[in-house]
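Structural features, examined
Below, each chain spelled out in residue letters.
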Amino acid sequence: MPPTLSNGKICYIEIPATDIARSADFYSRAFGWHIRKRGDGHTAFDDTTGQVSGTWILGRSPSSQPGILIYVMVDSAAATLDMIVANGGEIVQPIGADAPEITARFRDPAGNIIGLYQQPKPASA
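The structure reproduced in this document is the subject of the present report. Just so it is clear, the structure is predicted and the values come from calculations on it, not from any experiment. (Residues numbered from 1 in each chain as written. Predicted model: local features only at pLDDT ≥ 70, side-chain atom pairs only at ≥ 80, totals over all residues. Heavy atoms only, no water.)

So, about the sheet that holds strand 3 (residues 43–46). Here four strands make up an open sheet; going across it, the order is 1-4-3-2 and the pairing mixed. Two strands lie at the open edges of the sheet, namely strand 1 (12–16) and strand 2 (34–37), each paired on one side alone. Across the sheet, the mean angle separating the axes of adjacent strands is 30° when strand polarity is ignored. Pairing analysis gives five bridges linking strand 1 to strand 4 (residues 53–57), with the strands arranged parallel. (Pairing = 2+ DSSP bridges. Helix = DSSP H or I, 4+ residues; strand = E, 2+ residues; numbered from the N terminus. Axes fitted to C-alpha atoms, helices over the stretch in contact; angles between N-to-C directions.)

By the definition in use, this model includes one cavity of 30 Å³ or more. As a volume, the largest cavity reaches approximately 40 Å³. Considered class by class, the residues forming the lining of the largest cavity number seven nonpolar, no polar and no charged. (1 Å grid on protein atoms, 1.4 Å probe; cavity = no way out; pocket = protein on both sides within 12 Å on 5 of 7 lines; lining within 4 Å. Points joined across faces, edges and corners; volume = space filled by probe spheres on them. Nonpolar A, V, L, I, M, F, W, Y, C, P; charged D, E, K, R; others polar.)

Between helix 1 (residues 20–31) and helix 2 (residues 77–86), whose axes approach to 9 Å, the crossing angle comes to 155°. As far as their axial angle goes, helix 2 and helix 1 are roughly antiparallel. In terms of crossing hand, the pair formed by helix 1 and helix 2 is right-handed. Touching Phe 26, Arg 29, Ala 30 and Phe 31 of helix 1 are Thr 80, Met 83 and Ile 84, all from helix 2. Among the residues making up the contact of helix 1 with helix 2, the classes are represented as five nonpolar, one polar and one charged. (Parallel < 35°, antiparallel > 145°, perpendicular 65-115°, else oblique. Left-handed = near helix turned anticlockwise from the far one by under 90°. Contact = heavy atoms within 4.5 Å.)

If you want it as structure tokens, here you go:
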């Protein structure tokens with residue numbers, strides 16, 4: 001399915017990295033992002049929906065303090081945090097800090113702080 005093209009849509013993200021291969025491997029393992037080579041030879045990614053793409057950038061300081069904060073939607077914040085830690089990330093805000101929202105924050109191998117968001121289950125009728 002081709003990406004939705006719409007005015008105002010967030011479509012591309014540049015993530016600071018110290019080691020592009022390590023960052024690509026981390027995001028692939030933690031989130032299932034598709035890693036690919038662009039036409040210019042640079043490593044790029046597409047999220048699991050195919051709606052957002054981006055690349056890793058060397059020589060740019062990591063986003064080590066929340067300013068603008070990107071959240072990745074996950075099926076299970078707890079399981080994803082386990083994958084993040086297993087692949088070299090670090091939990092910086094555990095689940096529960098933003099209750100009742102199900103969120104957490106982590107530091108990737110380059111030092112960027114990124115958020116996780118888990119959609120709550122609908123209340124039973």
